[in-house]
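Okay, here's what each chain looks like letter by letter:
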Amino acid sequence: MKKELLIILFTSCLLGTTLKAQYWTKNGTGLSASGVCVIDLSVPEDKVAWGILSVFSSGSCGGVVPYYTKTTNGSSWNAGAISLLPNITPVCISAISATTAWILASDISTNKVGYVYQTTNGGTNWNIQNSSYSPDAGRFIHFFDANEGITVGDSSIFRTMDGGINWIANGALPVDTSFLGSGSTNFILNSYEVVGNTIWLGDVYGYIYKSVDRGINWMRMPNTIFPNSIKGIAFKDSLYGMVVASHYVGGGSGTSGGTDVDESYYSIDGGLNWLPMPILFNSSNVDDLSAKYDVAYVPGTSNTFIVTSEYNAAVAAFSGISYDGGKNWSLLDSTEQHTVCVFTSPT
């Protein structure tokens, strides 16, 4: 992979009411610094969205460059720095309004510590929630309302019922110790979905973890898609969903010169079983095996899903759309690394 920096720009998708005409409008992140990429997005309202940015270097994304960006009109974005502890990187964000948001931040170099930071004034100040310390790297945070929230790490779960003033340990995910050899798993950033009270998380071993009660109880779906790492998850309801995943095929040396090969699957039973469903563009511009980064369902449609490309400039840049639940796809473009995508409506 190329050892170079690039600027990842936010893009917003404008879909016609008939979902027959699509185009992207490029919006800046509101940050003048180069070499950053979008890690996660949270959209609490139609025109309010928050994102966190981190460093892109040497073919990977997720270094210590703590910035946030926000829009309150759906188009212009304003960014600011986040004052975090040394060597701590923001990995996930959950916002409930234009003023209030939480960030989960971790030491991703050691995977041994995680913290929660909150802002109640639109991002001007971020305060660490002292009771939120976790013994491993946090990967996922979500607030259902102003009081109830959850964080999940590789081997820890914490819940709060008072907006994060107090975080209470809630056990760990039911990992397959016979397969992993330990009580800890590992997640790729942004590998989650929340629909109502149900949460799905996907790990690098191809396992889906699911909670139907806001994270109180968890079950591991029995069928792994190993050796694929799950990157993006999208469910349109409690039953029908998709995942995009990939596995690395090494080059001549066995450790370099290889590529991430794409895989994609669908489920009709809430993630209990997964069946292959390749994303085929039939285009000379984008190889069908090019790794996808994220997938999202478009609320308010019967079966529309959007898929996006990796953040690495060395691989294909694209986005695609399906109107039939992922069976057939067409390219929206083949020019930008779109990375994370979130939709609130057909428009």
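Rules used in this analysis
Residues numbered from 1 in each chain as written. Predicted model: local features only at pLDDT ≥ 70, side-chain atom pairs only at ≥ 80, totals over all residues. Heavy atoms only, no water. Helix = DSSP H or I, 4+ residues; strand = E, 2+ residues; numbered from the N terminus. Buried < 20%, exposed > 50% of the residue type's maximum accessible area, 1.4 Å probe, protein only. Areas by Shrake-Rupley, 256 points an atom, 1.4 Å probe, with all protein chains shown as cover. Pairing = 2+ DSSP bridges. Salt bridge = Lys/Arg side-chain N within 4 Å of Asp/Glu carboxyl O. Contact = heavy atoms within 4.5 Å. Core = buried A, V, L, I, M, F, W, Y, C linked by side-chain atoms within 4.5 Å.

A look at the overall build of the chain
Phase 1: When its secondary structure is counted, the chain shows one helix and 27 strands.
Phase 2: Every one of the 347 residues in the chain was classed for burial, and the buried ones make up 54%.
Phase 3: Working note: accessible area of the chain is about 14000 Å², and carbon and sulfur atoms make up 51% of it.

Remarks on the sheet that holds strand E19 (residues 219-220)
Phase 1: Taken in spatial order, the four strands line up as E16-E17-E18-E19 in an open sheet, and their pairing is antiparallel. Because the sheet does not close on itself, it has two edges, and the strands there are strand E16 (187-195) and E19.
Phase 2: As paired strands, strand E17 (residues 198-203) and strand E18 (residues 208-211) are joined by four bridges and run antiparallel to one another. When the bridges of E18 are listed, isoleucine 199 appears paired with serine 211.

Thoughts on the pattern of salt bridges
Phase 1: Taken as a whole and assessed by the stated rule, the structure comprises seven salt bridges.
Phase 2: Ionic pairing is found between glutamate 336 and lysine 26, a salt bridge with its closest N-O pair at 2.8 Å. Within this pair, whereas glutamate 336 is found in the segment after strand E27 (330-333), its partner lysine 26 is found in strand E2 (residues 22-27), the two being separated by 310 residues in sequence.
Phase 3: We note a salt bridge from arginine 214 to aspartate 145, for which the minimum N-O separation is 3.8 Å. In this pair, arginine 214 sits in the loop between E18 and E19 while aspartate 145 sits in the loop between strand E12 (138-143) and strand E13 (149-153), placing the two residues 69 residues apart along the sequence.

Quick notes on the side chain of threonine 198
Phase 1: Along the polypeptide, threonine 198 turns up in strand E17.
Phase 2: Its relative accessible area of 12% is what places threonine 198 among the buried residues.
Phase 3: Excluding residues within four positions of it along the chain, threonine 198 makes contact with Glu193, Lys210, Ser211 and Val212.

Quick word on the environment of proline 86
Phase 1: Secondary-structure assignment places proline 86 in the loop between strand E7 (78-81) and strand E8 (89-95).
Phase 2: Relative accessible area serves as the criterion here: at 68%, proline 86 is assigned to the exposed category.
Phase 3: Remark: the alpha-carbon pair of proline 86 and aspartate 107, spanning 21 residues in sequence, is separated by 8.8 Å.

A closer look at the pairing of E13
Phase 1: Along E13, five of the five residues are buried, which leaves the element largely enclosed by surrounding structure.
Phase 2: Looking at chain direction, E12 and E13 are connected through five bridges and run antiparallel. Looking across to E13, one finds that glycine 138 is bridged to glycine 153.
Phase 3: Where E12 hands over to E13, the hairpin turn is made up of five residues, counted between the paired strands.
Phase 4: Bridging between E13 and strand E14 (residues 157-160) involves four bridges; their strand directions are antiparallel. Opposite valine 152, over in E14, you have isoleucine 157 as the bridge partner.
Phase 5: Between the antiparallel neighbours E13 and E14 lie three residues.

Examining the sheet that holds strand E11 (residues 127-128)
Phase 1: Read from one edge of the open sheet, four strands run E8-E9-E10-E11, paired in antiparallel fashion. Where the open sheet ends on each side, the last strands, each with one partner, are E8 and E11.
Phase 2: Across two bridges, strand E10 (residues 114-119) lies against E11 in antiparallel orientation. Counted as the bridge partner of glutamine 118 is asparagine 127 from E11.

Considering the nonpolar core
Phase 1: Formed by 42 residues in total, the largest nonpolar core has its most connected members in Leu173, Leu201 and Trp218.
Phase 2: If you tally residues by element for this core, the top one is strand E9 (residues 101-106), at five residues.
Phase 3: Ignoring anything within four residues of it in the chain, the contact list for leucine 201 reads Phe140, Val152, Leu173, Phe187, Ser191, Tyr192, Tyr207, Ile208, Tyr209, Trp218 and Ile233.
Phase 4: Among the nonpolar cores identified, the runner-up in size contains 14 residues, and Ile279, Tyr297, Val307 and Trp329 belong to it.

Focus on the side chain of threonine 100
Phase 1: Along the chain, threonine 100 turns up in the loop between E8 and E9.
Phase 2: Judged by its relative accessible area of 13%, threonine 100 falls in the buried class.
Phase 3: Every residue in contact with threonine 100, bar those within four places of it in the chain, is listed here: Trp50, Ala95, Gln118, Thr119 and Thr120.

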